[in-house]
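Observations on chain architecture
Below are the chains, spelled out letter by letter.
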Amino acid sequence: MKEVQFDQNGLIPAVIQDDDTDQVLMVAYMNEETLKETVETGRTVFYSRSRQERWRKGDTSGNIQTVVSIRLDCDGDCLLIRVKQTGSACHTGNKSCFYRRLEEGEWQEKEQEINILSELYQVVLDRMNQPQPGSYTNYLLDAGIDKIAKKVGEECVETILAAKNHEKQEIAAETADLFYHLTVLLAEQGITYQDVFQELRKRR
């Protein structure tokens, strides 16, 4: 790894990017040992500056990162690692650590309309991997595809009825219910929104 330029502390920053969506997920640090382990195992392994120890993403949370590619910048002092992300990348439960924006000197919650379907899908995956008592999503998943499909059908009908009543707020609410139940159906079947988006692109 002669081309890799570690800093005076023996570390190099690594920008982690979702290979499916191009979303920047997080930034962490690696030393020579953890970078070598990442290359050899195909899973991201970092070095915690605060704890002064190695940590492998997902060992505690289950939100592992499978490496797709590793690139080095022109100066050799920063890495770009594209991954397949399981669950959320951020410890807060958000898909990306960059869910806030700095505006006029104050932190504000980032507007998430564009990525909300992806975030919703990740929440469903989290419920699949880490069931929570009382979760409606887990209730649907436990009930199986027949129950999930029935709910999708019911929400389709309710959306149609809302449209016939020309009630914009009602249409939006029923469509949100439809998107939610459809997301559960997709996740249960192992289909991602990326699969759907790719199919849409083919038809464009």
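Description of the structure in this document. Quick caveat: nothing in here was measured; it's all calculated off a predicted structure.

With that settled, the discussion passes to the overall build of the protein chain. Broken down by element type, the protein chain carries 6 helices and 8 strands. The secondary structure elements of the protein chain, listed N-terminal to C-terminal, are β-β-α-β-β-β-β-β-β-α-α-α-α-α. Dimensions of the protein chain along its principal axes, counting C-alpha atoms only, are 65 × 40 × 35 Å. A total of about 12900 Å² of accessible surface is found on the protein chain, and carbon and sulfur atoms cover 50% of it. A distance of 3 Å separates the average location of the 25 positive side-chain charges in the protein chain from that of its 35 negative side-chain charges.

The next subject is the pattern of salt bridges. A complete count under the given rule lists 11 salt bridges for this structure. Close ionic contact of K84 with D20 constitutes a salt bridge, the shortest N to O distance being 2.6 Å. Here the residue K84 occupies a position in strand β6 (residues 79-85), and D20 occupies one in the loop between β1 (11-18) and β2 (24-31), the gap between them amounting to 64 residues. We classify D20 as partly exposed; its relative accessible area is 34%. A salt bridge links R56 to D59, with the shortest nitrogen-to-oxygen separation between them at 3.0 Å. Looking at D59, the relative accessible area reads 44%, which means it is partly exposed. Each of the salt bridges in this network shares a partner with another, and the network as a whole consists of D19, D20, D22, R82 and K84.

I16, M30, L79 and I81 are the most contacted members of the largest nonpolar core, which has 14 residues in total. The set of elements that each furnish at least two residues to this core consists of β1, β2 and β6. A per-element tally of this core places β2 first, with 4 residues. Beyond its immediate stretch of four places on either side in the chain, I81 contacts A14, V15, I16, Q17, M30, T44, V67, S69 and I70. One finds V124, L140, Y180 and Y193 within the second-largest nonpolar core, a separate group that totals 11 residues.

Moving on: the environment of G134. Within the element layout of this structure, G134 appears in the loop between α2 (116-129) and α3 (136-143). G134 gets classed as exposed once you look at its relative accessible area, which sits at 84%. G134 sits 40 residues away from E174 along the chain, and the two C-alpha atoms are 23 Å apart.

Looking along a regular strand, one sees the side chains alternate between the two faces of the sheet. Strand direction decides the pairing type here: β1 and β2, joined by 7 bridges, are antiparallel. Across the sheet, the residue bridging to L11 is N31, located in β2. Between β1 and the antiparallel strand that follows it, β2, lie 5 residues; D22 among them carries a positive phi value of about 70°.

Axis separation between α3 and helix α5 (residues 168-188) bottoms out at 11 Å; the angle between their running directions is 50°. When the axis of α3 is compared with that of α5, the two are oblique. As for how α3 packs across α5, the hand of that crossing is right-handed. Mapping the contact onto sequence places Y136, T137, L140 and L141 in α3 and Y180, H181, V184 and E188 in α5. When the residues that make up the contact of α3 with α5 are grouped by side-chain class, the tally is 5 nonpolar, 2 polar and 1 charged.

This part covers the side chain of E37. Examined against the element boundaries, E37 turns out to sit in helix α1 (residues 32-41). Look at E37 and you get buried, because its relative accessible area is 19%. If we ignore the near neighbours within four places in the chain, the residues touching E37 are G42, R43, V45 and R54.

What counts, and where the lines are drawn
- Residues numbered from 1 in each chain as written.
- Predicted model: local features only at pLDDT ≥ 70, side-chain atom pairs only at ≥ 80, totals over all residues.
- Heavy atoms only, no water.
- Helix = DSSP H or I, 4+ residues; strand = E, 2+ residues; numbered from the N terminus.
- Areas by Shrake-Rupley, 256 points an atom, 1.4 Å probe, with all protein chains shown as cover.
- Lys, Arg positive; Asp, Glu negative; His and termini not counted.
- Charge placed at Lys NZ, Arg CZ, Asp CG, Glu CD.
- Salt bridge = Lys/Arg side-chain N within 4 Å of Asp/Glu carboxyl O.
- Buried < 20%, exposed > 50% of the residue type's maximum accessible area, 1.4 Å probe, protein only.
- Core = buried A, V, L, I, M, F, W, Y, C linked by side-chain atoms within 4.5 Å.
- Contact = heavy atoms within 4.5 Å.
- Pairing = 2+ DSSP bridges.
- Axes fitted to C-alpha atoms, helices over the stretch in contact; angles between N-to-C directions.
- Parallel < 35°, antiparallel > 145°, perpendicular 65-115°, else oblique.
- Left-handed = near helix turned anticlockwise from the far one by under 90°.
- Nonpolar A, V, L, I, M, F, W, Y, C, P; charged D, E, K, R; others polar.

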